[in-house]
Amino acid sequence: MGAGGITSNLKSARDNIILRRKDENYNVVEEFETGLRKIGAFMGDYVEVGCNSVLCPGTIIGPHTNVYPLSRVRGQIAANSIFKDASHVTLKD
């Protein structure tokens, strides 16, 4: 985690967190009701999160992924990815 990185654990709507597993095209395959109002982020091994990035509640980041500084990350990011923003996610070679 880079300096100033934040793992938010409470949604602004204050309802329960639902985790969503997605396929390689980011289509929702399965949903998990956590029953929790507070839950942070899940990060795989060797994830690097840039400075001043925010990980929204229930974010899932696959192993060996890099997140650019100043990013807002939510949902699921595939393993071996480079995340710049929601519209710019690429797989590593």
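Because the structure is predicted, anything quoted here is derived from the model rather than measured.

Draft legend 1. View of the overall build of the chain. Regarding its fold elements, the chain presents 0 helices and 12 strands. For 93 residues, the compact-globule estimate of 2.2 N^0.38 gives 12 Å, and the C-alpha radius of gyration of the chain, at 13 Å, lies within 12% of that figure. Based on the C-alpha atoms only, the size of the chain along its principal axes is roughly 35 × 30 × 25 Å. In the chain, which comprises 93 residues, the proportion classed as buried is 25%.

Draft legend 2. Expanded view of the sheet that holds strand β4 (residues 42-43). Pairing is parallel across the open sheet formed by 3 strands, whose spatial order is β4-β7-β10. A strand with exactly one partner marks an edge of an open sheet, and here the two such strands are β4 and β10 (76-77). Here strand β7 (residues 60-61) pairs with β10 via 2 bridges, running parallel. Along β10, the bridge assignment pairs Ile60 with Gln76.

About the criteria used
- Residues numbered from 1 in each chain as written.
- Predicted model: local features only at pLDDT ≥ 70, side-chain atom pairs only at ≥ 80, totals over all residues.
- Heavy atoms only, no water.
- Helix = DSSP H or I, 4+ residues; strand = E, 2+ residues; numbered from the N terminus.
- Rg over C-alpha atoms; globule rule 2.2 N^0.38 Å.
- Buried < 20%, exposed > 50% of the residue type's maximum accessible area, 1.4 Å probe, protein only.
- Pairing = 2+ DSSP bridges.

Shape is all these values report; function is a separate question.
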